[in-house]
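Listed below, chain by chain, are the residues.
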Amino acid sequence: MSLRVVFLGTSGAIPTLKRSLPAVLVQRGNEQLLFDCGESTQRQMITAKVGFHKKMKIFLSHLHGDHVLGLPGLLQTMALMDRTKTLEIYGPEGTAAFLKCVSETLRFGLTFQVETREVRDAGVVCSENDYAVEAAWTNHVMPSLAYAFLEKPRTGKFYPEKADLLGVPKGLLWSKLQHGQSISFLDGRVVKPEEVTGKARRGRKIVYSGDTRPFKGFAKFAVHADLLVHEATFDDTLAEKAELDGHSTPSQAALQAKHAKARMLVLTHVSARYADSRLLLEQAKTVFPNSIVAEDFMVLELPLGE
Ligand SMILES: [Zn+2]
Ligand SMILES: [Zn+2]
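Analysis parameters
Residues numbered from 1 in each chain as written. Chains lettered and ligands numbered in written order. Predicted model: local features only at pLDDT ≥ 70, side-chain atom pairs only at ≥ 80, totals over all residues. Heavy atoms only, no water. Helix = DSSP H or I, 4+ residues; strand = E, 2+ residues; numbered from the N terminus. Rg over C-alpha atoms; globule rule 2.2 N^0.38 Å. Buried < 20%, exposed > 50% of the residue type's maximum accessible area, 1.4 Å probe, protein only. Contact = heavy atoms within 4.5 Å. Lys, Arg positive; Asp, Glu negative; His and termini not counted. Charge placed at Lys NZ, Arg CZ, Asp CG, Glu CD. Pairing = 2+ DSSP bridges. Axes fitted to C-alpha atoms, helices over the stretch in contact; angles between N-to-C directions. Donors = N, O, S within 2.8 Å, 3.2 Å for Na, K, Ca; no water. Tetrahedral: all angles 85-135°; square planar, octahedral: opposite > 155°, others 65-115°. Phe/Tyr/Trp six-rings, centres within 6.5 Å; stacked < 30°, edge-to-face > 60°.

**Q** Explanation requested: the overall build of the protein chain in the structure shown.
**A** Counting its secondary structure elements, the protein chain contains 10 helices and 16 strands. Against the compact-globule benchmark of 19 Å for 306 residues, the protein chain has a radius of gyration of 22 Å, which places it among compact chains. Its C-alpha atoms give the protein chain principal-axis dimensions of about 70 × 50 × 35 Å. Out of the 306 residues in the protein chain, the part that is buried amounts to 49%. A sequence separation of at least 24 residues applies to 63% of the contacts in the protein chain between residues at least 6 apart. Each charge class in the protein chain can be summarised by its mean position, and for the 38 positive and 34 negative side chains these summaries are 5 Å apart.

Put into structure tokens, the structure is as follows:
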């Protein structure tokens, strides 16, 4: 199953010529999960050619304008394109009121169902057959959520020679074992998947911080993330301002990545004051070498782990 992250918007608060407002799209197979929906997200989606008709969920970190004002336009465009699939929208308390107010004021009719699910408690907010999304409260200037996308473990590597030895004929029965189902023969003999496969393989994990100051507990939430997408609004010399405004600096984000034992850190939500992001990158790399700064339309592929 393919897993890609498309950075649709990487600025914070104000857009720049090069950076649109926050929106990070996770594409898994034919499904899309959008984290935040800053103004102009729909136009970024057109440029990135990611499509408007796919199975989709949107997760809002918080209700600051830079993270949600793209939603009304995106919904209207989807309706104009005759989207039919249900759209699930997750966010903190106030998300439903915001959507109700917008749709009543602008009087737009939709061609599809919108299911709004306000997150009241940290923990699993959505669980599908093969993945889940967890939320954690962050430390911002208003209630704000971080999200973790976690694939459930996959069955281990399949060993055909073991299946042969146990007399399992190739074909449908092999496929059942590969998909974690036991099979039984007419004589009552049962072959379990663990007899012909290696140990279960861990799923991939992507964590999105939303807006936040550094806080205790985040590293645990992000532990062993393959990809940690963390805000770094201001550089280290503006740490006091970051603290005041509820944001993080590159070395603070990098320290979270280090404590979480993440594989890779991507900095985003970059203040409009940085035309050149090299300073942010240098500051992060001194603490966590495998860091990069996101750019609009940057795409990262996450290969299946063994
Ligand atoms: Zn923001
Ligand atoms: Zn904010």
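Moving on from the model shown.
**Q** How should I be thinking about helix H3 (residues 71-80) in this particular structure?
**A** In an α-helix, one turn spans 3.6 residues, which is why side chains three or four residues apart end up on the same side. Judged by how many residues are buried, H3 sits mostly within the fold: seven of 10 residues are covered. Looking one or two residues beyond H3, the residue adopting positive phi is Asp82, at roughly 60 degrees.

**Q** Which parts of the structure should I look at to understand the pairing of strand E13 (residues 227-231)?
**A** Note on strand geometry: in a regular strand, side chains alternate between the two faces of the sheet. Across the five residues of E13, five count as buried, placing the element largely inside the fold. Neither face of E13 is open: one carries Leu227, Val229 and Glu231, the other Leu228 and His230, and all of them are buried. Bridge count between strand E12 (residues 205-208) and E13: three bridges; the pairing is parallel. Each bridged residue has a counterpart across the sheet, and for Tyr208 the counterpart in E13 is Val229. Of the strand pairs in this sheet, E13 and strand E14 (residues 265-268) are connected by four bridges, and their pairing is parallel. Directly across from His230, in E14, lies its bridge partner Leu267.

**Q** Explain the sheet that holds E13 here, please?
**A** Two strands in a sheet stick together by hydrogen bonds in their backbones, pointing the same way (parallel) or opposite ways (antiparallel). Pairing is mixed across the open sheet formed by seven strands, whose spatial order is E7-E8-E9-E12-E13-E14-E15. Edge strands, defined here as strands with exactly one partner in the open sheet, are strand E7 (123-127) and strand E15 (291-293). Neighbouring strand axes in the sheet, compared pairwise and without regard to direction, differ in orientation by 20 degrees on average. Sheet topology places E7 next to strand E8 (residues 131-137); four bridges connect them, and they run antiparallel.

**Q** Honestly, the coordination of the zinc ion (ligand 2) in this entry has me stumped. Any pointers?
**A** For a metal with four tetrahedral donors the ideal donor-metal-donor angle is 109.5 degrees, whereas six octahedral donors ideally subtend 90 or 180 degrees. Surrounding the zinc ion (ligand 2) are the protein donor atoms His62 (NE2), His64 (ND1), His140 (NE2) and Asp211 (OD), which sit 2.2 to 2.4 Å from the metal. The coordination sphere of the zinc ion (ligand 2) comprises four donor atoms, whose angles at the metal cover 90 to 168 degrees; the geometry is irregular. All donors to the zinc ion (ligand 2) come from one chain, and their sequence spacing reads H-x1-H-x75-H-x70-D. In this model, the zinc ion (ligand 2) sits 3.5 Å from the zinc ion (ligand 1), the two metals being bridged by Asp211. Of this pair, His62 sits in the loop between strand E4 (55-59) and helix H2 (65-68) while His140 sits in the loop between E8 and strand E9 (145-151), and the two are 78 residues apart along the sequence.

**Q** Please clarify how the side chain of Thr10 should be interpreted in this entry.
**A** For Thr10, the location among the structural elements is in the loop between strand E1 (3-9) and strand E2 (23-28). Beyond its immediate sequence surroundings of up to four residues, Thr10 is in contact with Arg19, Ser20, Leu21, Thr268, His269, Val270, Ala294, Glu295 and Asp296.

**Q** Even after reading the chapter, I still don't get the coordination of the zinc ion (ligand 1), so can you show me in this structure?
**A** Here the zinc ion (ligand 1) is held by the protein donor atoms Asp66 (OD), His67 (NE2), Asp211 (OD) and His269 (NE2), which lie 2.1 to 2.3 Å from it. The coordination sphere of the zinc ion (ligand 1) comprises four donor atoms, whose angles at the metal cover 88 to 164 degrees; the geometry is irregular. Site description for the zinc ion (ligand 1): donor spacing in sequence, D-H-x143-D-x57-H.

**Q** Is there a simple way to think about unusual backbone geometry in this case?
**A** Residues apart from glycine generally show negative phi values, whereas peptide bonds are mostly found in trans. The residue Lys261 is not glycine, and still its phi comes out positive at about 55 degrees. In this structure, Lys261 sits in the loop between helix H9 (250-259) and E14. Although it is not a glycine, Phe297 adopts a positive phi angle of roughly 75 degrees. Inspection of the secondary structure puts Phe297 in the loop between E15 and strand E16 (299-301).

**Q** For this particular structure, what's the right way to read the packing of aromatic side chains?
**A** The way to describe two aromatic rings as a pair is by their centre distance and the angle between their planes. Scanning the model with the defined rule gives nine aromatic pairs in all. With a centroid separation of 5.2 Å and 40 degrees between ring planes, the pair formed by Tyr131 and Phe149 is classed as tilted. Residue Tyr131 is located in strand E8, and its partner Phe149 is located in strand E9; the two are separated by 18 residues in the primary sequence. The burial state of Tyr131 is the same as that of Phe149; both residues are buried.

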